[in-house]
Amino acid sequence: MVNVGIIGCGNISRFHHEGYAAAGARIAHVCDVRLEVAQGVASRYGARASTDYRAVLDDPEVALVSILLPASLHREACLAAIAAGKGVVCEKTLTDSAESSTEVVKAAAQAGNFFATGFMKRFFPAMQQAKTLLADMGEVVSLYARSWQPFGVLWDESLPREYSDRPSSVIRSYGGGVLVCGGSHILDLIHFYAGRPTQVSGQMRSREGLDFDVQANAMLWLKDGGIAHFEALWHPHAFAGYERNGWDERLEINTAKGRLDIYTVKWDHPENNGALLVHQDARSGRVTEHRYPAVNPFHIEMAEILRRFEAGEPASPSAWDGYVVDQLIETITASANQRGALLPIPWQDLN
Ligand SMILES: NC(=O)c1ccc[n+]([C@@H]2O[C@H](COP(=O)([O-])OP(=O)(O)OC[C@H]3O[C@@H](n4cnc5c(N)ncnc54)[C@H](O)[C@@H]3O)[C@@H](O)[C@H]2O)c1
(Lines give C-alpha, C1' and ligand atoms only; values in the text may rest on other atoms or scores of the structure.)
Protein backbone atom coordinates (compact mmCIF):
# COMPACT_ATOMS: atom_id res chain seq x y z
CA MET A 1 0.00 0.00 0.00
CA VAL A 2 1.37 3.44 -0.91
CA ASN A 3 1.49 6.09 1.85
CA VAL A 4 0.59 9.46 0.40
CA GLY A 5 1.12 13.04 1.60
CA ILE A 6 -1.30 15.78 0.57
CA ILE A 7 0.25 19.27 0.40
CA GLY A 8 -2.46 21.90 0.04
CA CYS A 9 -6.14 21.53 0.96
CA GLY A 10 -7.87 24.01 -1.37
CA ASN A 11 -10.33 23.49 -4.23
CA ILE A 12 -8.47 20.72 -6.00
CA SER A 13 -7.41 18.74 -2.94
CA ARG A 14 -10.41 16.44 -2.50
CA PHE A 15 -10.04 15.08 -6.02
CA HIS A 16 -6.56 13.85 -5.13
CA HIS A 17 -7.12 12.41 -1.65
CA GLU A 18 -10.47 10.86 -2.56
CA GLY A 19 -8.94 9.44 -5.75
CA TYR A 20 -5.97 7.94 -3.90
CA ALA A 21 -8.21 6.49 -1.19
CA ALA A 22 -10.58 4.98 -3.79
CA ALA A 23 -7.56 3.35 -5.47
CA GLY A 24 -6.40 1.77 -2.20
CA ALA A 25 -3.63 4.15 -1.07
CA ARG A 26 -3.34 5.39 2.52
CA ILE A 27 -3.45 9.12 3.16
CA ALA A 28 -0.71 9.37 5.81
CA HIS A 29 0.00 13.10 6.18
CA VAL A 30 -1.95 16.21 5.23
CA CYS A 31 -0.64 19.78 5.15
CA ASP A 32 -2.09 23.25 4.76
CA VAL A 33 -1.07 26.58 6.27
CA ARG A 34 -4.62 26.64 7.61
CA LEU A 35 -4.25 24.02 10.35
CA GLU A 36 -7.98 23.46 10.89
CA VAL A 37 -8.44 22.72 7.20
CA ALA A 38 -5.54 20.25 7.19
CA GLN A 39 -6.92 18.61 10.34
CA GLY A 40 -10.38 18.34 8.78
CA VAL A 41 -8.99 16.34 5.85
CA ALA A 42 -6.54 14.35 8.01
CA SER A 43 -9.30 13.24 10.39
CA ARG A 44 -11.14 11.53 7.52
CA TYR A 45 -8.19 9.20 7.02
CA GLY A 46 -6.55 8.95 10.46
CA ALA A 47 -3.62 10.92 9.02
CA ARG A 48 -1.18 13.36 10.62
CA ALA A 49 -1.74 17.09 10.00
CA SER A 50 0.91 19.83 9.57
CA THR A 51 1.14 23.45 8.53
CA ASP A 52 4.64 23.25 7.02
CA TYR A 53 5.04 21.07 3.96
CA ARG A 54 8.60 20.23 5.01
CA ALA A 55 7.09 18.11 7.80
CA VAL A 56 5.43 15.96 5.12
CA LEU A 57 8.69 15.73 3.19
CA ASP A 58 10.55 14.76 6.39
CA ASP A 59 7.98 12.06 7.19
CA PRO A 60 9.71 8.73 6.44
CA GLU A 61 6.36 6.98 6.07
CA VAL A 62 5.31 9.13 3.11
CA ALA A 63 6.40 7.75 -0.28
CA LEU A 64 4.40 9.91 -2.69
CA VAL A 65 3.21 13.52 -2.34
CA SER A 66 0.61 15.54 -4.21
CA ILE A 67 1.57 19.21 -4.44
CA LEU A 68 -1.65 21.22 -4.57
CA LEU A 69 -0.37 24.67 -3.64
CA PRO A 70 -0.75 27.98 -5.48
CA ALA A 71 1.31 27.86 -8.70
CA SER A 72 3.88 30.38 -7.39
CA LEU A 73 4.95 27.80 -4.76
CA HIS A 74 5.21 24.79 -7.07
CA ARG A 75 8.86 25.27 -7.99
CA GLU A 76 10.20 25.39 -4.44
CA ALA A 77 7.91 22.60 -3.18
CA CYS A 78 8.70 20.33 -6.15
CA LEU A 79 12.47 20.83 -5.78
CA ALA A 80 12.24 20.15 -2.03
CA ALA A 81 10.13 17.01 -2.60
CA ILE A 82 12.58 15.72 -5.21
CA ALA A 83 15.51 16.39 -2.85
CA ALA A 84 13.65 14.50 -0.10
CA GLY A 85 13.42 11.47 -2.42
CA LYS A 86 9.63 11.43 -2.64
CA GLY A 87 7.56 10.47 -5.64
CA VAL A 88 5.86 13.69 -6.76
CA VAL A 89 2.52 14.55 -8.32
CA CYS A 90 2.26 18.28 -9.02
CA GLU A 91 -1.00 19.84 -10.11
CA LYS A 92 -0.84 21.82 -13.31
CA THR A 93 0.58 24.26 -14.06
CA LEU A 94 3.92 22.68 -13.23
CA THR A 95 5.37 26.05 -12.20
CA ASP A 96 4.78 29.67 -13.16
CA SER A 97 7.52 29.93 -15.83
CA ALA A 98 9.24 27.81 -18.45
CA GLU A 99 12.58 28.43 -16.73
CA SER A 100 11.38 27.12 -13.36
CA SER A 101 9.75 24.12 -15.02
CA THR A 102 13.04 23.39 -16.78
CA GLU A 103 14.72 23.33 -13.38
CA VAL A 104 12.14 20.88 -12.03
CA VAL A 105 12.41 18.57 -15.06
CA LYS A 106 16.20 18.49 -14.73
CA ALA A 107 16.12 17.89 -10.96
CA ALA A 108 13.60 15.04 -11.28
CA ALA A 109 15.61 13.42 -14.07
CA GLN A 110 18.90 13.71 -12.19
CA ALA A 111 17.48 12.29 -8.97
CA GLY A 112 15.47 9.61 -10.82
CA ASN A 113 12.27 10.46 -8.94
CA PHE A 114 8.82 9.47 -10.10
CA PHE A 115 7.27 12.77 -11.19
CA ALA A 116 3.76 13.31 -12.60
CA THR A 117 2.08 16.55 -13.68
CA GLY A 118 -1.67 16.66 -13.01
CA PHE A 119 -3.35 16.96 -16.39
CA MET A 120 -6.36 14.86 -15.50
CA LYS A 121 -8.28 15.47 -18.76
CA ARG A 122 -6.10 12.92 -20.50
CA PHE A 123 -7.77 10.29 -18.31
CA PHE A 124 -11.33 10.64 -19.61
CA PRO A 125 -12.04 7.34 -21.41
CA ALA A 126 -13.07 9.47 -24.43
CA MET A 127 -9.60 11.07 -24.52
CA GLN A 128 -7.86 7.70 -24.28
CA GLN A 129 -10.03 6.25 -27.05
CA ALA A 130 -9.30 9.30 -29.24
CA LYS A 131 -5.57 8.66 -28.80
CA THR A 132 -6.04 5.02 -29.83
CA LEU A 133 -8.07 5.97 -32.92
CA LEU A 134 -5.60 8.68 -33.94
CA ALA A 135 -2.79 6.14 -34.10
CA ASP A 136 -4.39 4.85 -37.35
CA MET A 137 -5.54 8.19 -38.74
CA GLY A 138 -2.27 9.76 -39.91
CA GLU A 139 -0.91 13.21 -39.15
CA VAL A 140 -3.10 15.97 -37.74
CA VAL A 141 -3.92 18.51 -40.46
CA SER A 142 -6.17 20.84 -38.49
CA LEU A 143 -7.13 20.90 -34.84
CA TYR A 144 -9.62 23.21 -33.08
CA ALA A 145 -9.38 23.14 -29.31
CA ARG A 146 -11.26 25.39 -26.96
CA SER A 147 -11.99 25.73 -23.31
CA TRP A 148 -15.01 27.95 -22.76
CA GLN A 149 -15.90 28.09 -19.10
CA PRO A 150 -18.82 29.98 -17.56
CA PHE A 151 -17.68 32.86 -15.32
CA GLY A 152 -20.48 35.40 -15.74
CA VAL A 153 -19.55 37.50 -12.73
CA LEU A 154 -16.41 38.69 -14.53
CA TRP A 155 -18.63 40.32 -17.15
CA ASP A 156 -20.86 42.16 -14.63
CA GLU A 157 -20.39 45.91 -14.16
CA SER A 158 -19.30 45.67 -10.54
CA LEU A 159 -16.79 43.04 -9.55
CA PRO A 160 -16.76 41.10 -6.27
CA ARG A 161 -13.88 42.13 -3.99
CA GLU A 162 -11.82 38.97 -4.56
CA TYR A 163 -11.45 39.92 -8.23
CA SER A 164 -10.93 43.65 -7.76
CA ASP A 165 -8.30 43.17 -5.01
CA ARG A 166 -4.65 43.49 -6.09
CA PRO A 167 -3.42 40.88 -6.60
CA SER A 168 -6.79 39.22 -7.24
CA SER A 169 -7.54 35.80 -5.78
CA VAL A 170 -7.09 34.37 -9.29
CA ILE A 171 -3.53 35.69 -9.58
CA ARG A 172 -2.72 34.60 -6.01
CA SER A 173 -3.78 30.99 -6.61
CA TYR A 174 -2.94 30.43 -10.26
CA GLY A 175 -0.53 33.18 -11.37
CA GLY A 176 -2.67 34.02 -14.41
CA GLY A 177 -6.17 33.94 -15.82
CA VAL A 178 -7.96 31.69 -18.25
CA LEU A 179 -4.80 30.81 -20.21
CA VAL A 180 -3.15 29.11 -17.23
CA CYS A 181 -6.40 27.83 -15.69
CA GLY A 182 -8.60 26.30 -18.43
CA GLY A 183 -6.14 26.85 -21.27
CA SER A 184 -3.30 24.79 -19.78
CA HIS A 185 -5.33 21.57 -20.02
CA ILE A 186 -6.19 22.25 -23.65
CA LEU A 187 -2.59 23.04 -24.54
CA ASP A 188 -1.64 19.73 -22.93
CA LEU A 189 -4.21 17.94 -25.11
CA ILE A 190 -2.87 19.63 -28.26
CA HIS A 191 0.58 18.31 -27.28
CA PHE A 192 -0.87 14.86 -26.43
CA TYR A 193 -2.61 14.47 -29.80
CA ALA A 194 -0.48 16.47 -32.22
CA GLY A 195 2.99 16.69 -30.68
CA ARG A 196 5.01 19.79 -29.91
CA PRO A 197 4.10 22.82 -32.04
CA THR A 198 6.97 24.75 -33.59
CA GLN A 199 5.74 28.35 -33.65
CA VAL A 200 2.85 30.37 -32.37
CA SER A 201 0.86 33.56 -32.80
CA GLY A 202 -1.11 34.57 -29.71
CA GLN A 203 -3.79 37.02 -28.54
CA MET A 204 -4.91 37.71 -24.98
CA ARG A 205 -7.36 40.09 -23.49
CA SER A 206 -8.59 41.20 -20.11
CA ARG A 207 -11.48 43.39 -18.95
CA GLU A 208 -11.32 46.73 -17.21
CA GLY A 209 -10.76 46.24 -13.47
CA LEU A 210 -9.20 42.79 -13.76
CA ASP A 211 -5.52 41.86 -13.36
CA PHE A 212 -5.80 38.63 -15.38
CA ASP A 213 -6.79 37.52 -18.84
CA VAL A 214 -10.34 36.33 -19.62
CA GLN A 215 -9.61 35.35 -23.21
CA ALA A 216 -6.59 33.79 -24.92
CA ASN A 217 -6.31 32.68 -28.55
CA ALA A 218 -3.46 31.13 -30.45
CA MET A 219 -2.60 29.56 -33.75
CA LEU A 220 0.03 26.89 -33.25
CA TRP A 221 2.03 25.49 -36.14
CA LEU A 222 2.23 21.71 -35.83
CA LYS A 223 5.47 19.89 -36.53
CA ASP A 224 4.14 18.12 -39.66
CA GLY A 225 2.75 21.30 -41.21
CA GLY A 226 -0.78 21.28 -39.76
CA ILE A 227 -2.34 23.98 -37.60
CA ALA A 228 -3.96 24.00 -34.16
CA HIS A 229 -6.47 26.75 -33.33
CA PHE A 230 -6.74 27.36 -29.61
CA GLU A 231 -9.11 29.46 -27.52
CA ALA A 232 -9.66 29.76 -23.79
CA LEU A 233 -12.46 32.04 -22.60
CA TRP A 234 -14.26 32.82 -19.36
CA HIS A 235 -17.67 33.77 -20.70
CA PRO A 236 -21.13 34.81 -19.47
CA HIS A 237 -23.25 32.25 -21.40
CA ALA A 238 -24.90 30.24 -18.64
CA PHE A 239 -26.47 27.60 -20.91
CA ALA A 240 -23.83 27.06 -23.59
CA GLY A 241 -22.24 23.74 -24.38
CA TYR A 242 -22.82 20.00 -24.61
CA GLU A 243 -24.20 19.84 -21.04
CA ARG A 244 -26.16 23.12 -21.43
CA ASN A 245 -24.61 24.35 -18.19
CA GLY A 246 -22.15 26.86 -19.65
CA TRP A 247 -19.29 24.37 -19.87
CA ASP A 248 -18.33 24.42 -23.55
CA GLU A 249 -15.01 22.69 -23.91
CA ARG A 250 -14.26 20.66 -27.03
CA LEU A 251 -11.71 19.49 -29.50
CA GLU A 252 -12.06 18.81 -33.22
CA ILE A 253 -9.12 16.86 -34.66
CA ASN A 254 -8.91 16.43 -38.45
CA THR A 255 -6.63 14.14 -40.41
CA ALA A 256 -6.82 13.01 -44.05
CA LYS A 257 -8.63 9.90 -42.80
CA GLY A 258 -11.30 11.43 -40.64
CA ARG A 259 -12.38 13.63 -37.78
CA LEU A 260 -12.66 13.26 -34.03
CA ASP A 261 -14.94 15.53 -31.99
CA ILE A 262 -14.54 15.40 -28.23
CA TYR A 263 -16.81 17.10 -25.70
CA THR A 264 -15.62 17.24 -22.09
CA VAL A 265 -17.78 17.76 -19.00
CA LYS A 266 -17.64 20.31 -16.19
CA TRP A 267 -14.37 19.62 -14.39
CA ASP A 268 -15.65 19.61 -10.80
CA HIS A 269 -18.93 17.79 -11.55
CA PRO A 270 -17.86 14.74 -13.54
CA GLU A 271 -20.71 12.83 -11.93
CA ASN A 272 -23.27 14.58 -14.17
CA ASN A 273 -22.34 13.20 -17.60
CA GLY A 274 -19.70 11.23 -19.46
CA ALA A 275 -17.46 12.92 -22.02
CA LEU A 276 -18.44 12.22 -25.65
CA LEU A 277 -16.25 11.22 -28.58
CA VAL A 278 -17.58 11.25 -32.17
CA HIS A 279 -15.51 9.61 -34.89
CA GLN A 280 -16.22 10.32 -38.58
CA ASP A 281 -14.48 8.12 -41.10
CA ALA A 282 -13.64 10.29 -44.13
CA ARG A 283 -13.92 7.51 -46.74
CA SER A 284 -17.00 5.60 -45.68
CA GLY A 285 -18.80 8.55 -44.09
CA ARG A 286 -19.55 6.31 -41.13
CA VAL A 287 -20.07 8.22 -37.88
CA THR A 288 -19.53 6.44 -34.58
CA GLU A 289 -20.47 7.97 -31.23
CA HIS A 290 -18.44 6.69 -28.31
CA ARG A 291 -20.49 7.39 -25.19
CA TYR A 292 -19.23 6.71 -21.69
CA PRO A 293 -20.76 6.59 -18.25
CA ALA A 294 -20.08 9.56 -15.98
CA VAL A 295 -16.70 8.82 -14.44
CA ASN A 296 -14.35 10.91 -12.36
CA PRO A 297 -11.15 11.38 -14.41
CA PHE A 298 -9.24 12.26 -11.22
CA HIS A 299 -10.00 8.79 -9.85
CA ILE A 300 -8.70 7.18 -13.03
CA GLU A 301 -5.66 9.48 -12.89
CA MET A 302 -4.82 8.64 -9.26
CA ALA A 303 -5.27 4.90 -9.84
CA GLU A 304 -2.94 5.06 -12.85
CA ILE A 305 -0.38 7.15 -10.93
CA LEU A 306 -0.36 4.59 -8.10
CA ARG A 307 -0.08 1.69 -10.55
CA ARG A 308 2.90 3.27 -12.31
CA PHE A 309 4.53 4.34 -9.05
CA GLU A 310 4.28 0.83 -7.58
CA ALA A 311 5.44 -0.81 -10.83
CA GLY A 312 8.46 1.51 -11.05
CA GLU A 313 7.25 2.87 -14.41
CA PRO A 314 7.78 6.50 -15.41
CA ALA A 315 4.88 8.88 -14.84
CA SER A 316 2.68 10.11 -17.69
CA PRO A 317 1.94 13.00 -18.02
CA SER A 318 5.44 13.69 -16.72
CA ALA A 319 7.42 16.71 -15.54
CA TRP A 320 8.42 17.15 -19.19
CA ASP A 321 4.75 17.39 -20.22
CA GLY A 322 4.33 20.07 -17.54
CA TYR A 323 7.27 22.00 -18.97
CA VAL A 324 5.83 21.81 -22.50
CA VAL A 325 2.61 23.49 -21.38
CA ASP A 326 4.46 26.17 -19.39
CA GLN A 327 6.64 26.92 -22.42
CA LEU A 328 3.55 27.21 -24.63
CA ILE A 329 1.86 29.54 -22.13
CA GLU A 330 4.96 31.71 -21.99
CA THR A 331 5.35 31.92 -25.77
CA ILE A 332 1.64 32.64 -26.35
CA THR A 333 1.88 35.43 -23.76
CA ALA A 334 5.03 36.83 -25.38
CA SER A 335 3.37 36.79 -28.80
CA ALA A 336 0.20 38.44 -27.44
CA ASN A 337 2.38 41.19 -25.93
CA GLN A 338 3.84 41.75 -29.43
CA ARG A 339 0.40 42.03 -31.09
CA GLY A 340 0.35 38.44 -32.25
CA ALA A 341 3.87 38.26 -33.70
CA LEU A 342 4.68 34.81 -35.03
CA LEU A 343 7.27 33.43 -32.59
CA PRO A 344 9.30 30.23 -32.73
CA ILE A 345 8.84 28.21 -29.55
CA PRO A 346 12.25 28.07 -27.81
CA TRP A 347 12.08 24.44 -26.67
CA GLN A 348 14.73 23.43 -24.17
CA ASP A 349 16.37 20.15 -25.01
CA LEU A 350 15.56 18.30 -21.80
CA ASN A 351 14.57 14.82 -22.98
N1 LIG B 1 -6.71 19.85 -12.64
C2 LIG B 1 -7.61 20.82 -12.53
O3 LIG B 1 -8.61 20.84 -13.21
C4 LIG B 1 -7.38 21.90 -11.49
C5 LIG B 1 -8.48 22.60 -10.99
C6 LIG B 1 -8.24 23.57 -9.99
C7 LIG B 1 -6.95 23.83 -9.56
N8 LIG B 1 -5.92 23.14 -10.12
C9 LIG B 1 -4.53 23.43 -9.69
O10 LIG B 1 -4.35 23.03 -8.33
C11 LIG B 1 -3.46 23.95 -7.66
C12 LIG B 1 -4.18 24.51 -6.43
O13 LIG B 1 -5.34 25.16 -6.87
P14 LIG B 1 -6.60 25.35 -5.89
O15 LIG B 1 -7.73 25.79 -6.75
O16 LIG B 1 -6.78 24.17 -5.01
O17 LIG B 1 -6.07 26.58 -5.03
P18 LIG B 1 -6.55 27.06 -3.61
O19 LIG B 1 -6.07 28.45 -3.45
O20 LIG B 1 -7.99 26.72 -3.42
O21 LIG B 1 -5.74 26.08 -2.61
C22 LIG B 1 -4.39 26.25 -2.27
C23 LIG B 1 -4.22 25.76 -0.82
O24 LIG B 1 -2.82 25.86 -0.47
C25 LIG B 1 -2.74 26.36 0.86
N26 LIG B 1 -1.42 26.97 1.00
C27 LIG B 1 -0.99 28.15 0.50
N28 LIG B 1 0.31 28.35 0.81
C29 LIG B 1 0.72 27.26 1.51
C30 LIG B 1 1.96 26.85 2.09
N31 LIG B 1 3.05 27.62 2.00
N32 LIG B 1 2.00 25.67 2.73
C33 LIG B 1 0.91 24.88 2.84
N34 LIG B 1 -0.30 25.22 2.31
C35 LIG B 1 -0.38 26.38 1.64
C36 LIG B 1 -3.89 27.33 0.98
O37 LIG B 1 -4.25 27.56 2.34
C38 LIG B 1 -4.99 26.60 0.19
O39 LIG B 1 -5.75 25.74 1.01
C40 LIG B 1 -3.10 25.02 -8.69
O41 LIG B 1 -1.89 24.69 -9.29
C42 LIG B 1 -4.22 24.90 -9.73
O43 LIG B 1 -3.84 25.30 -11.03
C44 LIG B 1 -6.10 22.17 -11.05
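Residue numbers restart at each chain and count upward from 1, following the sequence in its written direction. Whole-chain, interface and lining totals are the exception, using all residues; otherwise, since this is a predicted model, local features are given only for residues with pLDDT of at least 70 and side-chain atom pairs are given and counted only at 80 or more. Side-chain numbers come from the whole structure's heavy atoms, not from hydrogens or water.

(A) Main features of the sheet that holds strand β5 (residues 87-91). Here a strand pair is declared whenever DSSP counts at least two bridges between the two strands. Secondary structure elements follow DSSP: runs of H or I of four or more residues count as helices, runs of E of two or more count as strands, with numbering from the N terminus. Here six strands make up an open sheet; going across it, the order is β3-β2-β1-β4-β5-β6 and the pairing parallel. Two strands bound the open sheet, and with one partner strand each, they are β3 (48-50) and β6 (115-118). Strand-to-strand twist of the sheet, defined as the mean angle between neighbouring strand axes without regard to direction, takes the value 20°. Interaxial angle, 0 to 180 degrees, is taken between N-to-C directions of lines fitted to C-alpha atoms, where a helix line uses only the stretch in contact.

(B) Spatial organisation of the environment of glycine 176. If you trace the backbone, glycine 176 turns up in the loop between α8 (169-174) and α9 (179-194). Taking relative accessible area as the criterion, glycine 176 reaches 8% and is therefore assigned buried. Along the backbone, glycine 176 and aspartate 213 are 37 residues apart, and their C-alpha atoms lie at a distance of 7.0 Å. Contacts are assigned to residue pairs that have any heavy atoms within 4.5 Å of one another. Look past the residues within four positions of glycine 176 in its chain and what remains in contact with it is Val170, Ile171, Cys181, Phe212 and Asp213. Burial here depends on accessible area, computed with a 1.4 Å probe over protein chains only, as a share of the maximum for the residue type. Under 20% is buried, over 50% is exposed, and the range in between is partly exposed.

(C) Structural detail: the site of the ligand. As a matter of local geometry, the ligand sits amid 21 residues, with Asp32, Arg34, Lys92, Ser173 and Tyr174 nearest to it. Separating an oxygen atom of the ligand from a side-chain N or O atom of histidine 74 is a distance of 3.3 Å. Contacts to the ligand include histidine 185, whose side-chain N or O atom sits 3.0 Å from an oxygen atom. Taken by itself the ligand offers 850 Å² of open surface, and the protein chains cover 86% of this. The nonpolar class holds Ala, Val, Leu, Ile, Met, Phe, Trp, Tyr, Cys and Pro. Asp, Glu, Lys and Arg form the charged class, and all remaining residues, Gly among them, are polar. Among the residues making up the shell around the ligand, the classes are represented as twelve nonpolar, five polar and four charged. Domain ranges listed in this record stem from an automatic or a database domain assignment. In terms of domain composition, the shell around the ligand takes at least three residues from each of domain 1 (3-120) and domain 2 (122-298 + 329-343). Being near a molecule or strand, for a residue, means having at least one of its heavy atoms within 4 Å of it. Any pair of nitrogen or oxygen atoms within 3.5 Å is treated as a polar contact; in protein, a donor-acceptor pairing is required on top of that, and neighbouring residues in sequence qualify only through side-chain atoms on both sides. Per-residue and other accessible areas were derived by the Shrake-Rupley procedure at a 1.4 Å probe size, with only the shown protein chains allowed to occlude residues.

(D) How the structure looks around the nonpolar core. Residues Phe115, Leu187, Tyr193 and Phe230 are the most contacted members of the largest nonpolar core, which totals 80 residues. Looking at this core, the element that brings in the most residues is α9, giving ten residues. Setting aside chain neighbours within four positions, we find phenylalanine 230 in contact with Ala145, Leu179, Gly183, Ile186, Leu187, Ile190, Ala216, Asn217, Ala218, Leu220 and Ile332. For the purposes of this section, nonpolar cores are sets of buried Ala, Val, Leu, Ile, Met, Phe, Trp, Tyr and Cys residues that join through side-chain atoms within 4.5 Å. In this structure, Val2, Ile6, Met302 and Ile305 belong to the second largest nonpolar core, which totals 25 residues.

(E) Fine view of helix α11 (residues 319-337). Over its 19 residues, α11 runs 27 Å from end to end, which matches the ideal 27 Å to within 8%, given 1.5 Å per residue. In terms of burial, α11 is a largely internal element, 15 of the 19 residues being buried. A helix's residues, less one, multiplied by 1.5 Å, set its expected span.

(F) Structural detail: the packing of aromatic side chains. Only Phe, Tyr and Trp rings take part, Trp by its six-membered ring, and two of them pair if their centres are within 6.5 Å. Stacked means planes under 30 degrees apart, edge-to-face means over 60, and tilted covers everything else. What the rule picks out here adds up to eleven aromatic pairs. Ring geometry for phenylalanine 151 against tryptophan 234: centres 4.9 Å apart, planes inclined by 70°, an arrangement best described as edge-to-face. Taken together, the residues phenylalanine 151 in the loop between β7 (140-150) and α7 (161-164) and tryptophan 234 in strand β10 (residues 227-235) connect sequence positions 83 residues apart. Accessibility expressed as a relative area gives 4% for tryptophan 234, which makes it buried.

(G) Here's a closer look at the domain arrangement of the chain. Looking at the chain, the domain boundaries give domain 1 (3-120) and domain 2 (122-298 + 329-343). Spacing between the C-alpha centres of domain 1 and domain 2 amounts to 26 Å. Each side of the interface is counted separately: domain 1 has 14 residues, and domain 2 has 18 residues. Put simply, buried area is how much 1.4 Å-probe accessible surface two parts lose in total, over both of them, once they are put together. Roughly 1500 Å² of surface becomes buried between domain 1 and domain 2 when both sides are summed, with 64% attributable to carbon and sulfur atoms. Summed over the three residues of domain 1 that lose the most area to domain 2, namely Phe15, Phe119 and Met120, the buried surface amounts to 53% of that side. Any Lys or Arg side-chain nitrogen found within 4 Å of a carboxyl oxygen on Asp or Glu counts as a salt bridge. Counting every contact that joins domain 1 to domain 2 gives zero salt bridges. The interface formed by domain 1 and domain 2 includes nine residue pairs in polar contact (both at pLDDT 80 or more).

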